[in-house]
There are 2 protein chains.
Amino acid sequence: MILLAALLAAAVPVLPSPADIVAAAPLSAWRAVAPENLMLVETPRGTMAIELAPDFAPAHIAAIRALVAAGRFDAGAFTRVQDNYVVQWAARPGPGKTLTSGGAAAVAAGSTATPGGVAVGTGPGPAHPAILPAEYERPVKGLQITPLGSTDTYAPSGFADGWPVARDSKTGTAWLAHCYASVGVGRDNPPDTGDGSELYAVIGHGPRHLDRNITVVGRVIDGIADFSALARGTGPMGFYRTPAEQTVITRVRFATAADPRYEVLASASPAFAAYLQARANRTGFFVRPAGATDLCNVQVPVRRVAK
Amino acid sequence: MILLAALLAAAVPVLPSPADIVAAAPLSAWRAVAPENLMLVETPRGTMAIELAPDFAPAHIAAIRALVAAGRFDAGAFTRVQDNYVVQWAARPGPGKTLTSGGAAAVAAGSTATPGGVAVGTGPGPAHPAILPAEYERPVKGLQITPLGSTDTYAPSGFADGWPVARDSKTGTAWLAHCYASVGVGRDNPPDTGDGSELYAVIGHGPRHLDRNITVVGRVIDGIADFSALARGTGPMGFYRTPAEQTVITRVRFATAADPRYEVLASASPAFAAYLQARANRTGFFVRPAGATDLCNVQVPVRRVAK
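Since the structure is predicted, the reported quantities are computational estimates derived from the model, not experimental observations. (Residues numbered from 1 in each chain as written. Chains lettered and ligands numbered in written order. Predicted model: local features only at pLDDT ≥ 70, side-chain atom pairs only at ≥ 80, totals over all residues. Heavy atoms only, no water.)

Superposing chain A onto chain B takes a rotation of 180° plus a shift of 0.0 Å along the axis, which leaves an RMSD of 0.0 Å. Between the two chains, the operation in question is that of a two-fold axis. When you check the interface residues of chain A against chain B, 100% turn up at the interface there too, and the contact is symmetric in its surfaces. (Least-squares fit on C-alpha atoms with pLDDT ≥ 70 in both. Contact = heavy atoms within 4.5 Å.)

In structure tokens:
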């Protein structure tokens, strides 16, 4: 009987859960987040840590770096929270401008974007191009993409260096997908691509229809829960109606050696392959594993490294 | 030149947006929400209006009705808020039980569910079966399903009477999908299917891996933004660590003729077909329509009807 029990146990192995796989991943499976790409948005409510992806949006990220260096985000604010969509924050506007709702660059909530926008170069910040190049996609060449392994509704997709990406074989391009916590640059209508002074993070179901319509610059890797829980704005598109409702930004800066370090599970690692498989085939609580997963439901693991 | 401009305008028509289509939908395109299926969860923070789907989960909904009739949810509480996942609330526990974190039925956050659970029948409520039948799916027969029109990662899907549903042609079954605002019944491990005393609503990216693993009973059609903005719990799986963090439920009741009425855009209507098409092919702000949409990104329109 003991032998039989042992055989049965061997025949029906307890498969490791996604969490088990992450916990057991070796050091070599983790990619360090470079401090120079780790943007910290500090508020009285908490700090949001954002990893930027200069391989995908170099011009927009250069513009954001310049704004940060000039202190333009300090005393900026979270101006918009639209349920099941985005939180949006803005640099301090130039003279004669305000952060009040309606005057900000929009993120495609409806069919039309709100006109206006925080004009570039009107504030005390550095000069940079008023119209940045659209960085909605980049050549797929140079990226190592681990395929999702499931059919994607929108485009073939997978993970490159920890980023959820989709691709188009006809154009030979790839782009960062809009998933929960993705960070993009607000813009008005074309050819305006935004100037980096208004950013948003996704706080709802992945709005993949925004893919290739707006520049994605990174994703929140820590602290989003403090901001996804912000009160929703009651103005059009979730903008706050009054400045009093906004959450003020104390400071935005890039990480230094003194800050917490983060690591992302590397897409090319065997641990990530196992994780992907386990996300699509959940066990334990689950009586019927899905056998598939959509890109945004994978949730690339991130960890904060103890010093 | 005027003629040419007119011709060009005709050649490039301004396509109506999803919002335009909803605004123009005739009265006949709307299905009224029956008051007896409209459950109102009242709290000091706001009221959540939930449409229940007795065609999909009759036994669980009968159990919920009995709990509501017995006042078991009154003085219950929101006990769990897990970011990018669910808010969960619970009926008042029976004698000797508490609503403190960890003792509640779990919704599959990790590989294992928390043991325990609020036992059925220990409180002042009515007697009902301790183990309800699993209502994870139902026969597809009897449903009129409007196809999504895009490839679904998980299973062929569409809309039945305003509900996002997926189906399996091999088993001849269909089920309510886990999208933003979907409401389900918390459970522990099989064969426990929950007793209806702990419910959750999705507040993140559609966790479709839960489909057919848990009983979905309806969806929030109004008021979710007051609850998706609740502070996230810091205990395991997002449970609050202390009762003081919980939001108390004043009362749960079903709607009467005196309450606001709601209507859902009917899946079989031409207006819904146009809406679905427009959601997959956004115009205006969008420079590159996706040409597809995933099930949970459609967001079935609901309206509150003026009296």
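Turning our attention to the interface of chain A and chain B. On the chain B side, the residues contacting the 53 residues of chain A number 53 residues. For the pair chain A and chain B, the two sides together bury roughly 4,500 Å², of which 53% comes from carbon and sulfur. Summed over the three residues of chain A that lose the most area to chain B, namely A:His205, A:Phe285 and A:Arg288, the buried surface amounts to 19% of that side. At the surface where chain A touches chain B, the tally comes to two salt bridges. Its residues assigned to classes, the side of chain A that touches chain B comprises 23 nonpolar, 19 polar and eleven charged. (Buried area = accessible area lost by both parts, 1.4 Å probe. Salt bridge = Lys/Arg side-chain N within 4 Å of Asp/Glu carboxyl O. Nonpolar A, V, L, I, M, F, W, Y, C, P; charged D, E, K, R; others polar.)

Okay, the state of the cysteines next. Residue and element names in this part refer to chain A. Within the structure shown, the criterion is met by two disulfides over all chains. Cys179 shares a disulfide with Cys296; S-S distance 2.1 Å. One disulfide, between Cys179 and Cys296, carries an S-S torsion of -75° and so falls in the left-handed class. Taken together, the residues Cys179 in the loop between β10 (173-176) and β11 (182-185) and Cys296 in the loop between α5 (270-280) and β17 (302-305) connect sequence positions 117 residues apart. (Disulfide = S-S within 2.5 Å. Helix = DSSP H or I, 4+ residues; strand = E, 2+ residues; numbered from the N terminus.)

On to the pattern of salt bridges, then. Side chains bearing opposite charge may pair, as long as their charged atoms lie close to each other. Residue and element names in this part refer to chain A. Taken as a whole, this structure holds 26 salt bridges over all chains when the rule is applied. With a shortest N-O distance of 3.2 Å, Asp168 and Arg212 are connected by a salt bridge. Linking Asp168 in strand β9 (residues 163-168) with Arg212 in the loop between β12 (198-202) and β13 (216-222), this pair joins segments that are 44 residues apart in sequence. Like Arg212, Asp168 is buried. Each of Glu42, Arg251, Arg253 and Asp259 takes part in salt bridges that share partners, so that together they form one network. (Buried < 20%, exposed > 50% of the residue type's maximum accessible area, 1.4 Å probe, protein only.)

Before going further, it helps to spend a moment on the sheet that holds β13(A). Residue and element names in this part refer to chain A. Taking strand neighbours across the sheet as the criterion, the nine strands line up as β14-β4-β5-β12-β11-β13-β3-β2-β15 in an open arrangement whose pairing is antiparallel. The sheet is open, and its two borders are formed by β14 (247-248) and β15 (251-254), each paired with just one other strand. Sheet topology places β11 next to β12; three bridges connect them, and they run antiparallel. Each bridged residue has a counterpart across the sheet, and for Val185 the counterpart in β12 is Leu199. Packed on one face of the sheet, helix α3 (residues 58-69) meets β2 (38-43), β3 (46-52), β11, β12, β13 and β15 and runs near 120° to β15. (Pairing = 2+ DSSP bridges. Axes fitted to C-alpha atoms, helices over the stretch in contact; angles between N-to-C directions.)

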